[in-house]
Amino acid sequence: MSAIICSGVDKAYGSVKVIEDFNLAVADREFIVFLGPSGCGKSTLLRMIAGLEEISGGDVTIGGIRVNDLEPRERGVAMVFQNYALYPHMTIHDNIAFGLKRMKVPAAEIAERIRTVAATLGLEPYLERKPAALSGGQQQRVAIARAMIKTPEVFLFDEPLSNLDAKLRNHMRVEIARLHQSLKTTTIYVTHDQLEAMTLADRIVLMRAGAIEQVGTPAEIYGKPRTLFAAGFIGTPNMNFIDVTIAKGDGAGGNGGWVLESAGGRFTIEGARFALKPGAKAVLGIRPPDLRAVEPGSAGANLLAGTADLVEFHGNDALVSFLFGGIEIGAQVKATVCPRPGEAVCFAADEAHIHLFDKQSGLTLATD
């Protein structure tokens, strides 16, 4: 068993606290991704779990054993770094074997382990080469092989793909996902790239300023963000935000309902999914793919109309930008039917896709 538990973990550099009261339980064999902007503490936290940073307060346990005072080599973890950290004068074979040789593992066992790991990661043709003769993706596979060969209980990845180009990142992301499916090793992966987080994670730990903003599956964080920050950080293209004032109304089929007044217009909703108060200031959020194109000049509720300002081609889709009440709004449409800059556009915001957040606290007003 290799479950990881962080209980009240703190990290301070002198009088400056960068992580405070961090609590998280990672299940055995789970793939967790620490996601957040630069400087939020995700790599620092990973290094504390690995034993490369001292823990200022709280406890970290791995497999039920408190590891605060254990050396990195005693924790049963293997770490893959952003810069690969390969020895340039050694062959790939010797790079992979280096850790085992230091542990005085018998030569026959080292050879067998290298054969297995090299076959798993497709490195057999490169074992006699040196790192300079490999591509960035191949070097990253060597770094992973060097971690794998120790048969660790826990894998720790610190932004391992950030130095690769887009095509290699996609390829290596798939390889890491397949590796986890075959090995089922407890894994913590640090990234600032939400695409990596959404495609790899069993659960995402979204961090902000040294604290957890939200923990959940990719679908939960995307579909039910608990804060404005989570809603704005997750999702490409970014969610649209519109300041609104909440009022009681007679909309939504004449059953009372609520009105959301904005600088660009008004939205009428039933509001059963939200905890609403008349006069309260809120932020309405809706993702660009959730805006439904309608004919310009259409009548009806919850319409956002304007003039296409910018059209970004994304392949099958296009992102149309326009001003609504002085706010730039993005709507995602099929590239085959996208308008041209300067043309009138109109989109409907269906209530099922609307998010509402308290203006002051940034917390969701959703009750489900």
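Note that the structure is a prediction, hence the values are computed from the model and not measured.

K.L.:
Tell me about the pattern of salt bridges, residues and numbers included.
P.N.:
Going through the model one piece at a time under the given rule, you end up with 16 salt bridges. For Glu53, the salt bridge goes to Lys11, with nearest N and O atoms at 3.4 Å. With Glu53 in the loop between helix H1 (42–50) and strand E4 (57–62) and Lys11 in strand E1 (residues 4–13), the pair connects residues that are 42 residues apart, well separated along the chain. When its relative accessible area of 6% is taken as the criterion, Lys11 is described as buried.

K.L.:
Quick rundown of the sheet that holds strand E18 (residues 327–334)? Include the residues and the values.
P.N.:
Strand order in the open sheet formed by five strands is E15-E19-E16-E17-E18, and the pairing between neighbours is antiparallel. One side of each edge strand has no neighbouring strand; the edge strands of this open sheet are strand E15 (291–293) and E18. This sheet shows a mean twist of 45 degrees between the axes of neighbouring strands, independent of strand direction.

K.L.:
Before we move on, can you summarise the packing of helix H4 (residues 136–148) against helix H5 (residues 166–183) with the specific residues and values?
P.N.:
At their nearest, the axes of H4 and H5 sit 10 Å apart, and the two run at 20 degrees to each other. As the angle between them shows, H4 and H5 are arranged roughly parallel. The interaxial crossing formed by H4 with H5 has right-handed handedness. Across the interface between the two elements, Gly136, Gly137, Gln140, Arg141, Ile144 and Met148 of H4 pack against Leu168, Met172, Glu175, Ile176, Leu179 and Leu183 of H5. Here the contact of H4 with H5 is composed, by residue class, of seven nonpolar, three polar and two charged.

K.L.:
Please give an account of the sheet that holds strand E9 (residues 203–208) that cites residues and values.
P.N.:
If you walk across this open sheet you meet the six strands as E6-E7-E8-E3-E9-E10, and the pairing is mixed. Of all strands in the sheet, those bounded by a partner on one side alone are strand E6 (77–80) and strand E10 (211–216). Between one strand and the next, the sheet's axes are offset by a mean angle of 20 degrees, whatever the strand orientation. Both strand E3 (residues 31–35) and E9 contribute to a ladder of four bridges, which runs parallel. Residue pairing across strands places Phe34 opposite Val205, the latter belonging to E9.

The rules we used
Residues numbered from 1 in each chain as written. Predicted model: local features only at pLDDT ≥ 70, side-chain atom pairs only at ≥ 80, totals over all residues. Heavy atoms only, no water. Salt bridge = Lys/Arg side-chain N within 4 Å of Asp/Glu carboxyl O. Helix = DSSP H or I, 4+ residues; strand = E, 2+ residues; numbered from the N terminus. Buried < 20%, exposed > 50% of the residue type's maximum accessible area, 1.4 Å probe, protein only. Pairing = 2+ DSSP bridges. Axes fitted to C-alpha atoms, helices over the stretch in contact; angles between N-to-C directions. Parallel < 35°, antiparallel > 145°, perpendicular 65-115°, else oblique. Left-handed = near helix turned anticlockwise from the far one by under 90°. Contact = heavy atoms within 4.5 Å. Nonpolar A, V, L, I, M, F, W, Y, C, P; charged D, E, K, R; others polar.

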